[in-house]
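Examination of the molecular architecture
So you can see what is in the structure, the chains are spelled out below.
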Amino acid sequence: LKAKGTPNLQKIEDINVVCGCLKQFFISLREPLITNRLNPIFMQAIDEKSEAQVLAALFEAIAQLPPCNKDTLAFIILHLQKVNVYSDANKMPIESLARVFGPTIVGSSSTNPANVMRDIHKQKAITE
């Protein structure tokens, strides 16, 4: 990722390598895509009573993200939706993708291990 130019990912036979690189990229960011300031708003959105309220709260929170975060989030979510289309072949339904990418995309609202574990469910729900 630090080399100049676009890497040729077609030469990589193991998709886990690409997935690992993508996760490492998100981990290496100074702050998760869901910024530390907005993380509590996203976490609260998941607690809304109805699915319509959850979606409305998430859309409102997404609108508050910095443009580069919002664009990157949109790109990765669209990509994960495409991966999900082939879940019968790749064995990665949206729930599994959210479990794998949620923590690195959303981040945690705390460094306390108990709170980090509590956040995992919400990170997955936000990513789904």
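Note that this is a predicted model, so its numbers are computed, not measured.

Section: the overall build of the protein chain
Counting its regular elements, the protein chain contains seven helices and zero strands. Ordered by position from N to C terminus, the α and β elements of the protein chain give α-α-α-α-α-α-α. Each principal axis of the C-alpha distribution contributes one length, and for the protein chain these read about 45 × 35 × 30 Å. In the protein chain, which comprises 128 residues, the share counted as buried stands at 27%. Counting contacts in the protein chain only where the partners sit at least 6 residues apart, residues at least 24 apart contribute 54% of the total. Here the protein chain displays about 8,900 Å² of accessible surface, and carbon together with sulfur accounts for 59% of that area. Looking at charge distribution, the protein chain has the averaged site of its 14 positive side-chain charges lying 7 Å from that of its 12 negative ones.

Considerations on the layout of surface pockets
Estimates place the volume of the second largest pocket at around 570 Å³. Lining the second largest pocket are 24 residues, and of these Ile-62, Ile-77, Ile-126, Thr-127 and Glu-128 lie nearest its centre. Here the residues of the lining of the second largest pocket are counted per class, giving 19 nonpolar, two polar and three charged.

Observations regarding the pattern of salt bridges
Tallied over the entire structure, the rule returns two salt bridges. Note that Lys-124 is salt-bridged to Glu-128, the shortest N-O span being 2.6 Å. Residue classification places Glu-128 among the partly exposed residues on the basis of a relative accessible area of 44%.

A look at the nonpolar core
With 21 residues, the main nonpolar core has Phe-42, Leu-58, Leu-73, Ile-76, Ile-105 and Ile-126 as its most contacted residues. Within the residue set of this core, elements represented by two or more residues are helix H2 (39-45), helix H3 (51-63), helix H4 (67-85) and helix H6 (94-106). Sequence-distant contacts of Leu-73, defined by excluding residues within four places in its chain, comprise Leu-33, Ile-34, Ile-62, Leu-65 and Ile-105.

A few points about H6
Here H6 contains 13 residues, and its C-alpha end-to-end distance of 16 Å is more than 12% below the 18 Å for a straight helix at 1.5 Å per residue. Helix geometry: H6 is bent most strongly at Val-100, by close to 40°, with proline Pro-103 lying one to four residues after it. Among all positions of H6, only Ser-96, Leu-97, Ala-98, Phe-101, Gly-102, Thr-104, Ile-105 and Val-106 are buried. Note on H6: the residue one or two positions beyond its end, Gly-107, has a positive phi of about 75°.

Observations regarding unusual backbone geometry
Where the residue is not glycine, phi is negative for most of them; where a peptide bond is considered, it is trans in most cases. A positive phi angle is found at Lys-91, which is not glycine, with a value near 60°. Within the secondary structure, Lys-91 is located in the loop between helix H5 (87-90) and H6.

Observations concerning the packing of H4 against H6
Running from N to C, H4 and H6 point in directions that differ by 155°, and their axes come no closer than 10 Å. The angle between H4 and H6 places the two elements in the roughly antiparallel class. The way H4 lies across H6 gives a crossing that is right-handed. Listed contacts from H6 to Leu-73, Ile-76, Leu-80, Val-83 and Asn-84 of H4 are Ile-94, Leu-97, Phe-101 and Ile-105. Split by residue class, the contact of H4 with H6 holds eight nonpolar, one polar and no charged.

So, how was this worked out
Residues numbered from 1 in each chain as written. Predicted model: local features only at pLDDT ≥ 70, side-chain atom pairs only at ≥ 80, totals over all residues. Heavy atoms only, no water. Helix = DSSP H or I, 4+ residues; strand = E, 2+ residues; numbered from the N terminus. Buried < 20%, exposed > 50% of the residue type's maximum accessible area, 1.4 Å probe, protein only. Contact = heavy atoms within 4.5 Å. Areas by Shrake-Rupley, 256 points an atom, 1.4 Å probe, with all protein chains shown as cover. Lys, Arg positive; Asp, Glu negative; His and termini not counted. Charge placed at Lys NZ, Arg CZ, Asp CG, Glu CD. 1 Å grid on protein atoms, 1.4 Å probe; cavity = no way out; pocket = protein on both sides within 12 Å on 5 of 7 lines; lining within 4 Å. Points joined across faces, edges and corners; volume = space filled by probe spheres on them. Nonpolar A, V, L, I, M, F, W, Y, C, P; charged D, E, K, R; others polar. Salt bridge = Lys/Arg side-chain N within 4 Å of Asp/Glu carboxyl O. Core = buried A, V, L, I, M, F, W, Y, C linked by side-chain atoms within 4.5 Å. Expected span 1.5 Å × (residues − 1). Bend = angle between axes of the 7 residues up to and from the residue. Axes fitted to C-alpha atoms, helices over the stretch in contact; angles between N-to-C directions. Parallel < 35°, antiparallel > 145°, perpendicular 65-115°, else oblique. Left-handed = near helix turned anticlockwise from the far one by under 90°.

Everything listed is a geometric property; what it means functionally is a separate question.
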